Amino acid sequence: MRSIPQVLPLLRSALITAALCTGALAAQASVLILGATSQNGGLADVQSKISGTGMVSGAVDVFNANTGTPTLALLMSYDAVLVFNDSSTKPFASATLLGNVLADYVDAGGGVVEAGLSHATTGFGGLNGRFITANYDVFNANNNQNSCGSLGVVSDPQSPLMRDIDSFSGGLSALCYRVTPKAGASVVAYWTNDKPLLGYRTDHNGIVVGLNMFPVSSDVWNGGWNTSTDGALLMANALAFAAGELPEPGSLALLGIAALAAGIAHRRRAAGTMAGAHQG
């Protein structure tokens, strides 16, 4: 029988292989920007910023969540979604139906990145439904906003979520919510006012990322994040991570996430195939 020290290199090799295979599977990952915004050109701005990073080589599509709620069949054609809103005047068409279908999507292995006002309670424009009531979200909802500044302490600099992130400024408004992480969530980075900027959880079938920023940039909104910094990469990394795309891991902790992501990619694609067959 092999000793634990002898087995660990074999385990590490197997998990690295799984991570690299996962990266290959996700190389053509497609993502959906599921947004409700009051900013003219806001959805197109987020779409172009994420596409411009080159981190997502598949489709980067948009869906106006102010005028409708996507079906699970639609979501299943994507590897990850970014869900956000930024104004109480343009809320989600149905916060409850949206929360229900997002939870179903995560159950099927889909990745969700939650941003903007979706971190607030329902009365202030946040998500509702099973995504909230069954504890899928990364942060505890909070209705208090701050002008949060810029990228502060990075608690996990080796995280793939921080890949190539050198700077981030929230711009003139620099709005974020005074959220706290839920049990089971990990915080990767904070704002300079010590509020969480980026976190994730992997205790469901799909990866959920909490991104405590407003995705629309200063190109179309004076208060948006500063486009001379890495806000686009923050969003793209979050989507790639949620979709199961990972760089070669450098620690056993990341190897565990890599193994999970490999399983997620397999489950998601199997579920997508079954959904397509059912639709047909």
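Here the structure is shown first, and the text comes after it.
Residues numbered from 1 in each chain as written. Predicted model: local features only at pLDDT ≥ 70, side-chain atom pairs only at ≥ 80, totals over all residues. Heavy atoms only, no water.

(A) Main features of the overall build of the protein chain. If you tally the helices and strands in the protein chain, you get seven helices and 12 strands. Buried positions account for 51% of the 280 residues belonging to the protein chain. Sequence separation of at least 24 residues holds for 75% of the intrachain contacts in the protein chain that already meet a minimum separation of 6. A total accessible area of about 11200 Å² is found for the protein chain, and carbon and sulfur atoms account for 53% of it. (Helix = DSSP H or I, 4+ residues; strand = E, 2+ residues; numbered from the N terminus. Buried < 20%, exposed > 50% of the residue type's maximum accessible area, 1.4 Å probe, protein only. Contact = heavy atoms within 4.5 Å. Areas by Shrake-Rupley, 256 points an atom, 1.4 Å probe, with all protein chains shown as cover.)

(B) Fine view of the sheet that holds strand 7 (residues 151-154). Read from one edge to the other, the open sheet built from eight strands follows the order 2-1-3-4-12-11-10-7, with strand pairing classed as mixed. Across the chains shown, the open sheet's two edge strands, defined by having one partner strand only, are strand 2 (60-64) and strand 7. Each strand axis lies, on average, 20° off the axis of its neighbour in the sheet, ignoring direction. Where strand 7 meets strand 10 (residues 186-191), two bridges bridge the pair, whose relative direction is antiparallel. Bridge pairing in strand 10 places valine 154 opposite alanine 189. (Pairing = 2+ DSSP bridges. Axes fitted to C-alpha atoms, helices over the stretch in contact; angles between N-to-C directions.)

(C) Structural view of the environment of serine 77. Tracing the sequence through the fold places serine 77 in the loop between helix 3 (72-75) and strand 3 (80-85). Only 2.6 Å separates the side chain of serine 77 from the backbone oxygen of leucine 74, close enough to count as a polar contact. (Polar contact = N/O pair within 3.5 Å; in protein donor to acceptor, adjacent residues only side chain to side chain.)

(D) Representation of the pattern of salt bridges within the structure. The final tally for this structure, using the stated rule, is six salt bridges. Here aspartate 219 and lysine 49 are joined by a salt bridge, their closest N and O atoms 2.9 Å apart. Placement of the pair is aspartate 219 in the loop between strand 12 (208-211) and helix 6 (231-242) and lysine 49 in helix 2 (residues 42-52), with a sequence separation of 170 residues. Residue class for lysine 49 comes out buried when judged on its relative accessible area of 16%. Its salt-bridge partner being aspartate 107, residue arginine 130 comes within 2.8 Å of it at the nearest N-O pair. (Salt bridge = Lys/Arg side-chain N within 4 Å of Asp/Glu carboxyl O.)

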